[in-house]
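What follows is the residue order along each chain.
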Amino acid sequence: MDFQKYIDLLRELIITPSFSGEENGTADILGRFLSNEGILFHRVKNNLIAINHHFDPHKENILLNSHHDTVKVNAGWTRDPFGAAIEDGNIYGLGSNDAGGPLISLVAAFVYYYYKKDLPFNIVIAATAEEETFGPNGLSALLGKELPDISLGIIGEPTGLSLGVAEKGLLVLDIEYRGKAGHAARDTGVNAIYLALKDIEWFRNYRFDQISEYLGPVTMQVTKIEAGYQHNVIPDICRLVVDIRINDCFSNSDILKIVRQNIQGIVTPRSMKWNSRSISLNHPVVIKAQNMGIPVFGSPTLSDQVHCDFPTVKIGPGQSERSHTPDEYISVDELKEGIHTVIQLLDGLQLHQIH
């Protein structure tokens, strides 16, 4: 395999800014690469979709998905975030680790299998946009519309090439408390901050009764408080934001019901769609991975898995801890190992064993 062309592709993606919602340049690059490989693809805004050459409508479909958008550049960078410099075997640059390396691994595996005949399944690749912001024009816009029915999704994220078999869901709550304004010098009014205090303690101390084997407990954090506008006015409104990370023992609806039963504030969820995901440990892809010596784990961070209502796993080269950090990088060796691992994971996989 010509690994150099994939290293070059990753560097070209790094050099081209692709902040979430602004991925036109990297979509162009990926489109040119696929065209140069003789691969037919379909572009939907900044998302690219391709299906293996010998597509068989009677076979099940595996989705290879990762994203080519990035977060914004933070202030801590000491290198050019768009330099794509290679130093001591590491490729530095914004998006190199999250999720350039994982995306390139999936692209390389797709190219490897594109012209092969008699595959036991079809392979669909989707290089998608707006993952970092969960925007409306990413993977969620393709599922059920631009993509065929999917039996298994392999989501490219930096996992150190461990296999993510579960991923925590997210429930973000806006909570409002309504008091009564009054003069701070007089014992009048109802202080909305004081109304919120009891609930803040509940969020801090409550423990859900089911702990997941791979995802651990549900966790809740009050992350934002807004109240008051002047030192001598008792605030009549207090607003909280609560971040809840949900394991695969609960749905978002389950958690919302428990919260509403236990607190006094007016609760408004921002979205009910970001549920936890998990896959059976008896699924053929998990068994195949374990036979390859790949460890399995549960991921605390969200990815485009959250949009998928079919079995998914998360895997890719690089380390999650490097994501969104200054001087982000992935090593050349990690990239090569990622390509090899995805190809091997797909080799001979039999989805019809699913029960």
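Above: the structure in question.
Residues numbered from 1 in each chain as written. Predicted model: local features only at pLDDT ≥ 70, side-chain atom pairs only at ≥ 80, totals over all residues. Heavy atoms only, no water.

> Explain unusual backbone geometry to me, and be specific about the residues and the numbers.
Following Asp 98, the chain continues to Ala 99 via a peptide bond in cis, the omega torsion being 0°. Notably, Leu 161 is not glycine yet its phi reads approximately 65°, a positive angle. Tracing the backbone shows Leu 161 in the loop between strand S7 (152-156) and strand S8 (163-167). Even without being a glycine, Asp 327 presents a positive backbone phi close to 55°. (Helix = DSSP H or I, 4+ residues; strand = E, 2+ residues; numbered from the N terminus.)

> If you had to explain the sheet that holds strand S5 (residues 90-92) to someone new, which residues and values would you point to?
Strand order in the open sheet formed by three strands is S4-S5-S18, with antiparallel pairing between adjacent strands. Among the strands making up the open sheet, the edge pair consists of strand S4 (86-87) and strand S18 (329-331). Both S5 and S18 contribute to a ladder of three bridges, which runs antiparallel. Within S18, the residue paired with Tyr 92 across the bridge is Tyr 329. Relative to the sheet, helix H1 (residues 3-15) contacts S4, S5 and S18, its axis offset from that of S5 by approximately 25°. (Pairing = 2+ DSSP bridges. Contact = heavy atoms within 4.5 Å. Axes fitted to C-alpha atoms, helices over the stretch in contact; angles between N-to-C directions.)

> I'd like a rundown of the packing of H1 against helix H8 (residues 332-346), residues and numbers included.
It is the contact of H1 with H8, at a shortest axis distance of 11 Å, that shows an interaxial angle of 115°. Considering only the axes of H1 and H8, their crossing is right-handed. Counting all contacts with H1, which are made through Phe 3, Tyr 6, Ile 7 and Leu 10, the residues of H8 involved are Val 332, Leu 335, Lys 336 and Ile 339. A breakdown of the residues in the contact of H1 with H8 according to their chemical character gives seven nonpolar, no polar and one charged. (Left-handed = near helix turned anticlockwise from the far one by under 90°. Nonpolar A, V, L, I, M, F, W, Y, C, P; charged D, E, K, R; others polar.)

> Go over the environment of Ile 86, please, and point to the residues and values.
Note that Ile 86 resides in strand S4. By relative accessible area, which is 40% here, Ile 86 ends up partly exposed. Residues within four places of Ile 86 in sequence aside, it is in contact with Ile 7, Arg 11 and Ile 91. (Buried < 20%, exposed > 50% of the residue type's maximum accessible area, 1.4 Å probe, protein only.)

> Which residues make up the sheet that holds strand S14 (residues 266-269), and what are the values?
If you walk across this open sheet you meet the four strands as S11-S13-S9-S14, and the pairing is antiparallel. At either margin of the open sheet sits one strand with a lone partner, and together these are strand S11 (219-227) and S14. Strand-to-strand twist of the sheet, defined as the mean angle between neighbouring strand axes without regard to direction, takes the value 25°. Pairing geometry for strand S9 (residues 169-178) and S14, over four bridges, is antiparallel. Bridge pairing in S14 places Leu 173 opposite Pro 269. Along the sheet face, helix H5 (residues 192-205) touches S9, S11 and strand S13 (237-246) and points at about 10° away from the line of S13.

> A description of the environment of Glu 321 should follow, citing residues and the corresponding values.
Mapped onto the fold, Glu 321 is located in the loop between strand S17 (312-315) and S18. A relative accessible area of 63% means that Glu 321 is categorised as exposed. In the structure, Glu 321 is positioned 161 residues away from Gly 160 in sequence and 9.9 Å away in space, judged by C-alpha atoms.

> So what's going on with the packing of aromatic side chains? Residues and values would help.
In total, this model carries 11 aromatic pairs according to the counting rule given. Between Tyr 206 and Phe 208, the ring centres sit 4.8 Å apart and the planes meet at 85°, which makes this aromatic pair edge-to-face. What makes Tyr 206 partly exposed here is its relative accessible area of 27%. Classification of Phe 208 as buried rests on a relative accessible area of 8%. A ring pair is formed by Phe 208 and Phe 250, whose centres lie 5.6 Å apart and whose planes are at 65°; its orientation type is edge-to-face. Residue Phe 208 is found in the loop between H5 and S11, and its partner Phe 250 is found in the loop between S13 and helix H6 (252-262); the two are separated by 42 residues along the sequence. For Phe 250, a relative accessible area of 10% corresponds to the buried category. Across from the ring centre of Tyr 92, 3.8 Å away, lies the NZ or CZ of Arg 79, which sits over that ring. A cation sits over an aromatic face here: Lys 116 above Tyr 112, 4.7 Å from the ring centre. (Phe/Tyr/Trp six-rings, centres within 6.5 Å; stacked < 30°, edge-to-face > 60°. Lys NZ or Arg CZ within 6 Å of the ring centre and 35° of its normal.)

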